[in-house]
Each structure stands twice: as C-alpha cells, then as structure tokens.
Amino acid sequence: MTLIPTDLSATRISDAERDPNREIAASSRIIDLSVGIVVCIPCFRRPQHLRLTLDSLAGQRTPRSFAVVMVENDAVRRESAPVAEEYLADGRLQGVCLVEKRQGNVQAINAAFETALALFPAATRFLMIDDDEIASPDWLELMVRSAEATGADVVGGPVLPVFDDHSMLWLSRHPVFCPAYDYSGAVPLIYGCGNCLITRAAFESFARPAFDPRFNFLGGGDCDFFVRCRDAGMTFHWTAEAVITETVPQSRTSFGWIVKRGLRIGAINYRVQSKAAQGAAARVWVFAQMLGRLPLSLLRAAALLKSSKAVVAMHPVMVALGSALAAFGIEPKPYEASKIVS
C-alpha cells in the first residue's frame, strides 16, 4: 500500500493532470496510490443527488480498496465541488475532484478516466456511475468479480429507472428506460457507460482521448467507444445483479422528452455507424440504410400498437427519423449547458 498525505498528493495530482483546462478542486487527506479500482463520476448541476450517489459508494459492501475521481463540469457555478470536497475531507471516500472547464458530456468523461489512469498507476479497473444514479450495496464487488472471473475487457450492468411520478412505472418497459439485457453472461456489446467497468488494457488500446469529442453535445461517445472496442476484438460481459438505479424526474417522463430521446438515439446510431464505415461506398450504404429504415419503422410501429401504448409503439419511428435527420446533418444537442434543466 502506497499512502501519500495531502501536501504530497497535491504535487502528485498536478503531475498526473497537466491539461490547462482542468484544475483540482478537492482531494482526500490521504490517497492510496496502490488501489486497483477507481470509480469515475461526471457531475453537472445535481449537487443534492450527488450526495445520494456518494452515499451509495461509501456504503459499498466490499473488502476492496477503491478511489473516486469526480469531475465538476460546470466551471462557473461549481455546485458539485463543495459536496465532493465534503466527502473527501471527512474520509468517507478517497480520491479527487477536478473541474473540467470545457463543458460537455464527453469532456467530463474523458477528464474522469484520464485523471484516474494517470493518478492511480496500479489501477486496472475503472468503473463509472453518473451523478443521478445510486449504486446497490454490492455493485462494485459484483462488477469486479465479473471482470476477474471472465477476463472481459468491458463489464456492463443494468440502470433501472426510479420514477418520481409513480403513475409512470409502466414506462420502465419502454426501450428508452429498459436495460439492454436481462441476463448475466457474455454479450456482443454494451451501449452506455452509466454502469460499466473498463480495464486499463482497453484504454491503452486507443489514443487519447478515448471518447470522441465530436459526440460531446449529442451524446453517444460511450456507444462509439464500445463499438471500437468490439471492432478491436475485445470482449463484453453483462452482470444483471450489479444494479444501479437512476432517478427519473417528472420532466423525463413527458411525451416530448421521450420523443426527443428517440430522435437522439437515432442520431447517435447514424453517427456511430457512419464513422465506422470504411470508404465512401460504405458511408453511402449506411446513408441508404438509415433512409430505408424509416418506412420499415412505420410497419413495426403499427404491429406494436396491437400490444403496446402509442408512446412505446412510436419509438422505432422516432429512432429511424432521428437517423434520417442526422444523415442530413440535423442533430439534437441535449448536453449543451443551455439545454439542461438543473
């Protein structure tokens, strides 16, 4: 175990984080540089919920030592930084909180993972949880055990919605909120990093930044990263028992929000597939596929209407429409600060 006190850790942190757009906002009094596990937490204007997230991490049932790297992505208001400092200062968690001055989803994620990789050289497993999520007590232990047992490069787990409006519980079956898999085992791909474990070896297979900044305001940088991991021959495992819950405010259960999320998913699909296409002919084929899926989605929606509510049945149409719009350069930007309701 390599323990360093605050005065030395400040120097060590500065050496690890050389990006002028990032600064350290807080660090724990003692940092164990020998930890093998780091949990990364992007933060943006949810200080009260961040407390719930950090409480869930402080209460993990595991004998393993781990550190946290929190990223405050609002360089002006910095509402998350005082909460992070509180948990680090009193020893409930060890690690650092830094401010990423460049706003956006991908900027925050890259800042978290890059700092974790540099600051904790012995760490081989890097997990992520968002600041509107709560980890179940055995989450970290189950994720790490899965990585150890399977040798997977990437481990994913479910993010289950907890609706503020209890009358909307039926929406948990909507594709926007439903986890990708309902079983534990090898899977072909995971799609998001809201509940994930990534090995150091996976990160070392790619140049920095690992997550493409072109997805910064659209979202989907995580999906793009995992597609590249798959194409590089890496393996994925899903741990259905490693549950994280996501608090879903009433604003995210509205018809308009769900429609916009479907459009965004379609835009991400087009962007990821177009980027992966090799050569002009392949890109033209992706373009044609996206346009062709629009009429097919209408048939699928009509079939779904027989057994589902309209808001569910319309999802394939919104995804296909989002892809078609993206093919013509029209994309939503939900991760711009001006678009986020705090």
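Identification of the chain as Glycosyl transferase family A from Bradyrhizobium canariense is taken from an unreviewed UniProt entry.

Peer 1: Hey, could you go over the state of the cysteines for me, with residue numbers and the actual values?
Peer 2: In the structure shown here, the tally under the stated rule is 0 disulfides. No disulfide involves C223; its sulfur sits 10 Å from that of C193, the nearest cysteine.

Peer 1: Lay out the sheet that holds strand β13 (residues 236-238) with the relevant residues and their values.
Peer 2: Spatially, β2-β6-β5-β4-β7-β12-β9-β13-β11 is the arrangement adopted by the 9 strands of the open sheet, whose pairing is mixed. Strands with a single pairing partner mark the edges of an open sheet, and in this sheet they are β2 (22-27) and β11 (185-187). Along the sheet, successive strands turn relative to each other by an average axial angle of 25°, direction set aside. When strand β4 (residues 37-43) meets strand β7 (residues 125-129), the two strands line up parallel, connected through 4 bridges. Across the sheet, the residue bridging to C40 is M128, located in β7. Across the face of the sheet, helix α4 (residues 105-119) comes into contact with β2, β4, β5 (67-72), β6 (95-100), β7 and β12 (195-199) while running at roughly 140° to β6.

Peer 1: Lay out a nonpolar patch on the surface in plain terms, naming residues and giving numbers.
Peer 2: Among the surface-exposed residues, L291, L321, L325, F328 and I330 lie close enough to one another that they form a single nonpolar patch of about 430 Å² accessible area. Tracing the sequence through the fold places L291 in helix α9 (residues 280-304).

Peer 1: For the UniProt feature "domain: Glycosyltransferase 2-like" (unreviewed entry) in the chain, give the residues involved together with the corresponding values.
Peer 2: Taken from the UniProt record, the annotation "domain: Glycosyltransferase 2-like" (unreviewed entry) applies to residues 39-196. Here residues 39-196 runs as 31% helix and 24% strand, with 10 Å between its end C-alpha atoms.

Peer 1: Could you give me a rundown of the environment of L296, with the residues and numbers involved?
Peer 2: Residue placement: L296 occurs in helix α9. On the basis of relative accessibility, which here comes to 55%, the residue L296 falls in the exposed class. Between the alpha carbons of L296 and A267 there is a distance of 17 Å; along the sequence they are 29 residues apart.

Peer 1: Please provide a residue-by-residue account of empty space enclosed by the protein, values included.
Peer 2: To find leftover empty space, a probe the size of one water molecule is rolled over the atoms. Taken as a whole, this structure holds 1 cavity of 30 Å³ or more when the rule is applied. Taken as a whole, the largest cavity spans an internal volume of roughly 30 Å³. As for the largest cavity, its lining consists of H174, I258, V259, G262, V311, M314, H315 and M318. By residue number, the principal contributor to the lining of the largest cavity is helix α8 (residues 255-276), which donates 3 residues. The class makeup of the residues in the lining of the largest cavity is 5 nonpolar, 3 polar and no charged.

Peer 1: A description of the packing of α8 against helix α11 (residues 315-327) should follow, citing residues and the corresponding values.
Peer 2: For any two helices packed against each other, one specifies the crossing angle of their axes together with the interaxial distance. Taken N-terminus to C-terminus, the directions of α8 and α11 make an angle of 50°; their axes are 6 Å apart at the nearest point. Between α8 and α11, the angle is such that the two are oblique. Both α8 and α11 take part in a crossing whose hand is right-handed. Note on element contacts: α11 touches α8 through H315, M318, V319, L321, G322, S323, L325, A326 and A327, opposite V259, G262, L263, I265, G266, A267, N269 and Y270. The residue inventory of the contact of α8 with α11, partitioned by class, reads 11 nonpolar, 6 polar and no charged.

Peer 1: How would you summarise the packing of aromatic side chains if you had to cite specific residues and measurements?
Peer 2: Each aromatic ring pair is summarised here by two numbers: the centre-to-centre distance and the angle between the ring planes. What the rule picks out here adds up to 13 aromatic pairs. Ring geometry for F113 versus F203: centroids 4.9 Å apart, planes at 45°, classification tilted. In this pair, F113 sits in helix α4 while F203 sits in helix α6 (residues 200-204), placing the two residues 90 residues apart along the sequence. Exposure remark for F113: the relative accessible area of 2% places this residue in the buried category. Seen from their ring centres, F163 and F177 are 5.3 Å apart, and the 80° between their planes marks the pair as edge-to-face. Here F163, found in strand β10 (residues 159-163), pairs with F177, found in the loop between β10 and β11; they are 14 residues apart in sequence, far enough to count as distant. The same class applies to F163 as to F177, namely buried. Members of the aromatic cluster, joined through ring pairs, are F113, F126, F203, F206, F211, F225, F226 and F236. Here the basic side chain of R92 rests over the ring of Y87, its NZ or CZ set 3.8 Å away from the ring centre. Taking NZ or CZ as reference, K309 lies 4.0 Å from the ring centre of W170, over its face.

Basis of the calculations
- Residues numbered from 1 in each chain as written.
- Predicted model: local features only at pLDDT ≥ 70, side-chain atom pairs only at ≥ 80, totals over all residues.
- Heavy atoms only, no water.
- Disulfide = S-S within 2.5 Å.
- Pairing = 2+ DSSP bridges.
- Helix = DSSP H or I, 4+ residues; strand = E, 2+ residues; numbered from the N terminus.
- Axes fitted to C-alpha atoms, helices over the stretch in contact; angles between N-to-C directions.
- Contact = heavy atoms within 4.5 Å.
- Patch = residues over 30% accessible without salt bridge, like charges linked within 9 Å, V, L, I, M, F, W, Y side chains within 5 Å.
- Areas by Shrake-Rupley, 256 points an atom, 1.4 Å probe, with all protein chains shown as cover.
- Salt bridge = Lys/Arg side-chain N within 4 Å of Asp/Glu carboxyl O.
- UniProt positions renumbered as here; feature names shortened; annotations may be inferred.
- Buried < 20%, exposed > 50% of the residue type's maximum accessible area, 1.4 Å probe, protein only.
- 1 Å grid on protein atoms, 1.4 Å probe; cavity = no way out; pocket = protein on both sides within 12 Å on 5 of 7 lines; lining within 4 Å.
- Points joined across faces, edges and corners; volume = space filled by probe spheres on them.
- Nonpolar A, V, L, I, M, F, W, Y, C, P; charged D, E, K, R; others polar.
- Parallel < 35°, antiparallel > 145°, perpendicular 65-115°, else oblique.
- Left-handed = near helix turned anticlockwise from the far one by under 90°.
- Phe/Tyr/Trp six-rings, centres within 6.5 Å; stacked < 30°, edge-to-face > 60°.
- Lys NZ or Arg CZ within 6 Å of the ring centre and 35° of its normal.

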